[in-house]
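Fold and geometry: a report
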Amino acid sequence: MPYIGHRGMTKHREPQFLPLRTFCCVSCACIHRWKLNDSFILPRPGSRYTLMGGNLHISHLNKEEDVGIYQCLASNSFGTIVSREASLHIAYLENFKTQRRNPVRVREGQGVVLLCGPPPHSGELTFTWIFNEYPSFVIQDTRRFVSQKTGNLYIAKVEPSDVGNYTCVVTNTVTKNSVQGPPTPLVLRVDGVMGEYEPKIEVQFPEVVPVAKSSTVKLECFALGNPVPTISWRRVDGASFGRKVDINKASGVLEIPYFQQEDAGIYECVAENSRGRNSVKGKLSFYAAPHLTEKPQDVQKTIDDTLVWECKASAKPKPSYRWLKNGEPLDPMEVRNDYYYFFKLNIFSFFFFLSCLTQSTQIPLFPLSPLAIAPDFSQNLLKAQTLARQGGDILIECKPRMSPRGVISWRKGKEALRESHRVTVLDNGSLRISNVTKMDAGLYTCVARNQFGVASSAGSLLVKEQTVITSPAGHLDVTVGESIVLPCQVSHDPTLDLKFTWFFNEQLIHFGSHGAYFEKVGGRSAGDIMIRNIQLRHAGKYTCAVQTKVDSVSIATDVVVRGPPGPPVDCQVTEMTETTASLSWGPGMDNHSPILSYTIQARTPFSLGWQAVTTVPELLGGKQLSATVTDLSPWVEYEFRVLATNSIGTGEPSKPSKKARTKEMLPRVTPARVNGGGGGRSELVITWEPVPEELQSGPGFGYVVAFRPLGAQGWMQAAVTSPDASRYVFKNESIPPFSPYQVKVGVYNNKGEGPFSPVTTIHSAEEEPSRAPGRVRARSVSASEVEVTWKPLAWSNNRRRILGYEVKPTHKEKQDTASVIRTVGNKTSVLIKDLEGSSTYYMSLRAYNSAGVGPQSIIVNVTTKKPPPSQAPVKIMWNTSNSKVILRWDQVHALENESEVTGYKVMYSQDKHSRPSVVETNTTSLELSLPVNQDYVIQIKPFSEGGEGSSSGQITIPKIAGMYSHHRPCTECSFHTVMICMKRSCQGSYFRHV
């Protein structure tokens, strides 16, 4: 059986040896023939044509004789089949005929076209132009364009720099050969300059361009004009270009690679300049080569069968079909709808080859021979066992292989089977039994006969009890959050296995993948499921399907889930006044429980989230779908939302309404905390707390500040235009210091003036203190503390007050690091801390008030005491007797630069975190009375006139009741090591060294 290899098109650069190949199966003796342009090629000895194993070899290719359409025919005893047609082209490029071209004369500003006129050729060409001499090539831009369709050079607007010789270079893309044309001189005319004119499109594309699927298409467009036109592209249907589309505006080329159906359409090139606009349109049509959608399959047919072969292809445009039989066209009567072939088989049918061809696709079909076969069940035995449900229907198939078709009969057991209204033998030989009973069980045999023989096959029919769901179909009504069980109890044939499958709204339930809501809880004969923490989305139809090998049954339960209402819909603001808003909304889902009431919430840019609002009517019933919100602030932007409530609870809120602003009105809120005082000489400072933006009632908000001397009749007023202002200063040399004034602050906006705040009395700026404090004294309290005392000044008079004093301690050797310590009130002393020990400090003092500080006092010096001991107590020992604890430790000795120890502080507490109790002693021992059955933490530190020294480590004394439980030999303890030991004293008590 032969198979023909083929090529769509073959190109060769020059005459040479060329093989055209075909393939034929080894087991079949094939005869090969070749056609060129429908004429047979007759290879003879010594000719240029040679057949080698079916392949056609052509030597010394000739472009006049060998170019054309080739086709191979292969024949054997089964018939003849032909290959697809193949085109042979030979690429070449000849030289230009002419050697000289006339000059082209143009004016400056005029457009020009220089013709290339390529020589005779075969194969695709590319074009470039040389300016004056090689290798100076013309560079394409918005003014110059080389068409790869015609080869011509286009200059949109000639400039003086364009004058020169132009040479067209043509290259064959197959042979890679290039030839140059004669130079064309471009000369500038001297009789004037070309004026401006509208674009004239010289390079156009066809009105209809067929484009093959997945190919690349390039559209060229270029125009002459003055000024130089700009080129743009668009799709007439308004669709945008995809990323793959390349628009080269400089060269006027639109390139679409990998062309697909969605790229088809009408494309427009637009050329425009300041003088006008011109355009050209073209349609890109999608072309898809034929692609087989229904491929004929190999078949085996018996005598008297009808052969129907289908050969279907999709293409654009619609493909045409040809059927060949042994290489010759079929009788049209045997072909239906172009792609169906009908043939009646009989014992005398001959072998032959069929071929189905479209424009570019050929499907060869294998030879066909009719079959003569005695009945045979080897490939299609009856099933050994067939299961049937009692009361159901069953079909036992009988499909022996035989040709021609014979007679089929059935036996039950050893008796011939009689047909009845329940038992029927179908035309295809299969046995059908309706309303099966237990009596139908048994061994069934199918017997097949034709003129070539007889055969049989047998199988048993087993009748099973039907499966019945005993749980009734139901309707469940539940509330969100409850857990329910959906029953699915069955009775069934005990010899059959059950398979339970559950569906929710016709979709299979995958247990374990629904957030652990669904769980199987049934046994072997029950498919019950539990739904835990049921949600609104779980409402719907639940179906339990039960399946065995013989039947399947199902039952459905409708589940209604009641829950809080869904969000109301379409919340809208219908009207706004200065302090009210009218709202309307639509009801959301009631989720199977009637809506009882609605609640409205509002939000502004100044509120903390959503807040409940007052409405009219005050209570919004379930039928109420509109309301008026009251007590709103004027000139504030609001959003509103609505929540619905039923007997289950309150649901999700509606989507917020569009933002709406209340109308403006006169301001109603006055500034709070109006006060004042302080400032510089001859100033009256008035302060207040600004009115928040949401209470300003409109744009153009500001303040009116009114003030008068205490006891005066008329008010002086000043406007403060900034709504954020919180201070106004009135300066006048006539203002006496520290004089009482009555002040009030009013508000206004674009609507007018609002109310004033209550009147309050403040004082004008006072004078700074004029005297320094006297009798300044300083004494060292410790190494880090100094007490400074002084005689206070008079607290106030009619020109000033004393608010306190500033003390400035200055280290003798670090004067640039001094800081100021300020007291408040009529104090006469201050304790200055965190000083350095054994250091001299200079102390100065000033009084201060709101106007500033007064003159400096005399400077006194003081030297701090020596620092306290830096060594902590060591060798601490303790013993207990009854409820007493006796402590002893070594004397702490001060270093040379430290103050002598004058005593010790013993601190004890029940734990490390509670406030300790402190006991002082001037000896190195102490007796403490402590309650029993409690642990205590003790620390000891020395102190001196320089302050407190370093503390010992924390010592834990365990409960007194358990002190004798552990004994070990006593050892000395160093300062860095804590050890507990016990030794006997002369009095018999026990000591512990720490």
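My aim in this report is to walk through the structure given alongside it, one point at a time. (Residues numbered from 1 in each chain as written. Predicted model: local features only at pLDDT ≥ 70, side-chain atom pairs only at ≥ 80, totals over all residues. Heavy atoms only, no water.)

**Thoughts on the overall build of the chain**
Along its length, the chain carries zero helices and 93 strands. Across the 994 residues that make up the chain, the buried fraction comes to 42%. Contacts in the chain between residues at least 24 apart in sequence constitute 64% of all its contacts with a sequence separation of at least 6. (Helix = DSSP H or I, 4+ residues; strand = E, 2+ residues; numbered from the N terminus. Buried < 20%, exposed > 50% of the residue type's maximum accessible area, 1.4 Å probe, protein only. Contact = heavy atoms within 4.5 Å.)

**Thoughts on the packing of aromatic side chains**
Applying the stated criterion across every chain, the model contains 18 aromatic pairs. When the centroid spacing of 6.4 Å and the interplanar angle of 45° are considered together, the rings of F145 and Y154 count as tilted. You can call Y154 buried: its relative accessible area is 5%. On the basis of an interplanar angle of 15° and a centroid distance of 6.1 Å, the ring pair of F241 and Y267 is categorised as stacked. Of this pair, F241 sits in the loop between strand 26 (230-235) and strand 27 (246-248) while Y267 sits in strand 29 (residues 265-273), and the two are 26 residues apart along the sequence. Of the residues examined, F241 reaches a relative accessible area of 26% and is grouped as partly exposed. Here Y267 falls in the buried class, since its relative accessible area comes to 2%. Put simply, the rings of F145, Y154 and F222 touch in pairs and so form one group of aromatic residues. Between the NZ or CZ atom of R48 and the centre of the ring of Y49, over which it lies, the distance is 5.4 Å. Lying across the ring of F943, K905 places its NZ or CZ 5.9 Å from the centre. (Phe/Tyr/Trp six-rings, centres within 6.5 Å; stacked < 30°, edge-to-face > 60°. Lys NZ or Arg CZ within 6 Å of the ring centre and 35° of its normal.)

**Looking at the pattern of salt bridges**
Under the counting rule described, the total for this entry stands at 34 salt bridges. We note a salt bridge from E766 to R801, for which the minimum N-O separation is 3.2 Å. Here E766, found in the loop between strand 75 (760-763) and strand 76 (774-780), pairs with R801, found in the loop between strand 77 (786-791) and strand 78 (804-811); they are 35 residues apart in sequence, far enough to count as distant. Residue E766 is classed as buried on the basis of its relative accessible area of 2%. Here E806 and R822 are joined by a salt bridge, their closest N and O atoms 2.3 Å apart. Of this pair, E806 sits in strand 78 while R822 sits in strand 79 (residues 821-822), placing them 16 residues apart in sequence. According to the relative accessible area criterion, R822 is partly exposed, its value standing at 48%. Look at the salt bridges and you will find they share partners, linking R681, E767, E768 and R800 into a network. (Salt bridge = Lys/Arg side-chain N within 4 Å of Asp/Glu carboxyl O.)

**As for the sheet that holds strand 45 (residues 423-425)**
The strand order 41-46-45 describes an open sheet built from three strands, whose pairing is antiparallel. Since the sheet does not close on itself, it has two edges, and those belong to strand 41 (394-396) and strand 45, each with one partner. Each adjacent strand pair in this sheet contributes to an overall mean axis angle of 15°, direction not counted. Summarising the sheet, strand 41 and strand 46 (residues 431-433) pair through three bridges and their orientation is antiparallel. Within strand 46, the residue paired with L395 across the bridge is R432. (Pairing = 2+ DSSP bridges. Axes fitted to C-alpha atoms, helices over the stretch in contact; angles between N-to-C directions.)

**Looking at the pairing of strand 58 (residues 552-562)**
Here strand 50 (residues 474-479) runs beside strand 58; their pairing, made up of six bridges, is parallel. Each residue of the ladder has a partner; that of L476, found in strand 58, is V559. Note that strand 57 (residues 540-547) and strand 58 share eight bridges and pair antiparallel. Its bridge partner being in strand 58, G540 is matched across the sheet by V559. Counting the residues that bridge the hairpin from strand 57 to strand 58 gives four residues.

**Looking at unusual backbone geometry**
The residue after Y134, namely P135, is reached through a cis peptide bond having omega 5°. By secondary structure assignment, the location of P135 is in the loop between strand 16 (125-131) and strand 17 (144-146). Here S403 and P404 are connected by a cis peptide whose omega angle stands at 0°. Inspection of the secondary structure puts P404 in the loop between strand 42 (401-403) and strand 43 (407-412). A positive phi angle is found at D38, which is not glycine, with a value near 70°.

**Describing the nonpolar core**
Residues V217, L219, W233, I256, F259 and L284 are the most contacted members of the largest nonpolar core, which totals 22 residues. Elements that contribute at least two residues to this core include exactly strand 23 (208-212), strand 24 (217-220), strand 26, strand 28 (253-256), strand 29 and strand 30 (276-294). In terms of residue count, strand 30 provides more of this core than any other element does, four residues in total. The residues touching L284, leaving out its near neighbours within four places in the chain, are V209, V211, V217, L219, I256, F259, A264, G265 and Y267. (Core = buried A, V, L, I, M, F, W, Y, C linked by side-chain atoms within 4.5 Å.)

**Observations regarding the layout of surface pockets**
In this model, the largest pocket occupies a volume close to 370 Å³. Lining the largest pocket are 16 residues; nearest its centre among them are Q148, K149, K218, E220 and V253. Broken down by secondary-structure element, the contributors of at least two residues to the lining of the largest pocket are strand 16, strand 17, strand 24, strand 27 and strand 28. Counting residues per element, the lining of the largest pocket draws most heavily on strand 28, at three residues. Class assignment of the residues belonging to the lining of the largest pocket gives a composition of five nonpolar, five polar and six charged. (1 Å grid on protein atoms, 1.4 Å probe; cavity = no way out; pocket = protein on both sides within 12 Å on 5 of 7 lines; lining within 4 Å. Points joined across faces, edges and corners; volume = space filled by probe spheres on them. Nonpolar A, V, L, I, M, F, W, Y, C, P; charged D, E, K, R; others polar.)

**As for the state of the cysteines**
Counted according to the given criterion, the structure contains four disulfides. Here C116 connects covalently by a disulfide to C168, the sulfurs 2.0 Å from one another. Torsion about the S-S bond of the C116 and C168 cystine: about -75°, corresponding to left-handed handedness. On the criterion of sequence distance, the pair formed by C116 in the loop between strand 14 (112-114) and strand 15 (121-122) and C168 in strand 19 (residues 164-172) is long-range, its members being 52 residues apart. Pair check on accessibility: C116 and C168 agree, each one buried. In this model C221 forms its disulfide with C269; the gap between the sulfur atoms is 1.9 Å. Its S-S torsion of approximately -80° makes the covalent link between C221 and C269 left-handed. (Disulfide = S-S within 2.5 Å.)

**Examining the sheet that holds strand 59 (residues 569-576)**
Adjacent strands of a sheet form backbone hydrogen bonds with each other and so pair up, either parallel or antiparallel. If you trace the four strands from one edge of the open sheet to the other, you get 59-60-65-63, paired in antiparallel fashion. The sheet is open, and its two edges are formed by strand 59 and strand 63 (614-616), each paired on a single side. Sheet twist, expressed as the mean angle between neighbouring strand axes with direction ignored, is 35°. Relative to strand 65 (residues 626-630), strand 63 is paired through three bridges, and the arrangement is antiparallel. Residue pairing across strands places T615 opposite V629, the latter belonging to strand 65.

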